[in-house]
Amino acid sequence: MEREMIIHAWVDITCPWSWIGVRRLQEGIAKSGKSALVEYHSYQLQADAPGVTSLSLIDYLADIWEKSPAEVKKQLADISDIGAECGINFAWESVQPVNSFLAHQLLRAAQNSAPNLEVAAAQGQEMLNRLWKAYFQDGANISDTYTLLNIAEAAGLDREQAEIDFESGEYADEVRADLHAAETLGISGVPFFLLADKYAIEGAQSAQVFAEAIAALSS
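Residues numbered from 1 in each chain as written. Predicted model: local features only at pLDDT ≥ 70, side-chain atom pairs only at ≥ 80, totals over all residues. Heavy atoms only, no water.

Considerations on the pairing of strand S2 (residues 36-42)
The side chains of a regular strand alternate, residue by residue, between the two faces of the sheet.
Here is step 1: For S2, the buried fraction is high: six of the seven residues fall into the buried class.
Here is step 2: The pairing of strand S1 (residues 5-11) with S2 spans seven bridges and is parallel. Note that in S2 the partner of valine 11 across the bridge is serine 42.
Here is step 3: Regarding topology, helix H1 (residues 16-32) serves as the crossover connection from S1 to the parallel S2, and that connection is right-handed. (Buried < 20%, exposed > 50% of the residue type's maximum accessible area, 1.4 Å probe, protein only. Helix = DSSP H or I, 4+ residues; strand = E, 2+ residues; numbered from the N terminus. Pairing = 2+ DSSP bridges. Right-handed = clockwise from strand over helix to strand, strands pointing away.)

Here it is, written out as structure tokens:
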């Protein structure tokens, strides 16, 4: 049996374009008719984001983007329109703009607990979807350990082991390694996709772009 193509995807849980980009990637894989597995890697757009904040997402982004709240709202509305095309509904007013580092450790735990690459890809995808939903739709604080333990348990991970891993920082170095790899590759934003270690696609491109690239690299 021909080995599946490996696609390395750098994403951030607090990045709406990452969610949109991964949705389009998955659609592109289906369109290509080829077999591909995705390994997810961590990236932080705001590594200095707080663990707890009283700021709304609008005010937080207005500050770091140096834009007015009205400009931020317009930009988020545009993202909402694009997200809706992918079946994603963003609840911006509920989002707590907090640090994603601990949540990325949970993503790594989900992938590492798998017995093979196929299961790792599926578990990574499921965990990302749960984390994105928690952040962008449910208004959850994804920097809070208790919240993440609930997500871990709902995804079928052992809650007690997950708590031990958080306390020990079991996967913290792996997340840092992902961040370092991104720096080495010159990645300055996400999503970023590396197909078969040969071809890079930056940003949330269309499903057709992904499909054509996958098909070409598989031929």
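A short note on empty space enclosed by the protein
Left-over empty space is what a probe sized like a water molecule reveals as it rolls over the atoms.
Here is step 1: A complete count under the given rule lists one cavity of 30 Å³ or more for this structure.
Here is step 2: Computed from the structure, the largest cavity encloses a volume of approximately 30 Å³.
Here is step 3: Around the largest cavity sit Gln105, Leu106, Ala109, Ala162, Asp165, Phe166 and Tyr171, which together line it.
Here is step 4: Within the residue set of the lining of the largest cavity, elements represented by two or more residues are helix H4 (101-112) and helix H7 (159-168).
Here is step 5: Counted by class, the lining of the largest cavity contains five nonpolar, one polar and one charged residues. (1 Å grid on protein atoms, 1.4 Å probe; cavity = no way out; pocket = protein on both sides within 12 Å on 5 of 7 lines; lining within 4 Å. Points joined across faces, edges and corners; volume = space filled by probe spheres on them. Nonpolar A, V, L, I, M, F, W, Y, C, P; charged D, E, K, R; others polar.)

Structural notes on helix H2 (residues 57-65)
Here is step 1: Of all the positions in H2, only Leu57, Ile58, Tyr60, Leu61 and Ala62 are classed as buried.
Here is step 2: Phi turns positive one or two residues past the end of H2, at glutamate 66, with a value near 55°.

Describing the pairing of S1
Here is step 1: The element S1 is extensively covered by neighbouring structure, given that six of its seven residues are classed as buried.
Here is step 2: Sheet topology places S1 next to strand S3 (residues 192-195); four bridges connect them, and they run antiparallel. The residue of S3 that forms the bridge with histidine 8 is leucine 194.

A look at the pattern of salt bridges
Where side chains of opposite charge bring their charged atoms close, a pairing between them can arise.
Here is step 1: Evaluated as defined, the whole model comprises eight salt bridges.
Here is step 2: For glutamate 174, the salt bridge goes to arginine 108, with nearest N and O atoms at 3.5 Å. Here arginine 108 lies in helix H4 and glutamate 174 lies in helix H8 (residues 172-185), a separation of 66 residues in the sequence.
Here is step 3: Between arginine 130 and glutamate 126 there is a salt bridge, with its nearest N and O atoms 3.1 Å apart. You can see arginine 130 and its partner glutamate 126 sitting in helix H5 (residues 117-136), four residues apart, about one turn around the helix.
Here is step 4: Sharing partners across several salt bridges, the network here consists of Glu39, Arg108, Glu174 and Asp178. (Salt bridge = Lys/Arg side-chain N within 4 Å of Asp/Glu carboxyl O.)

These figures capture arrangement, not role.
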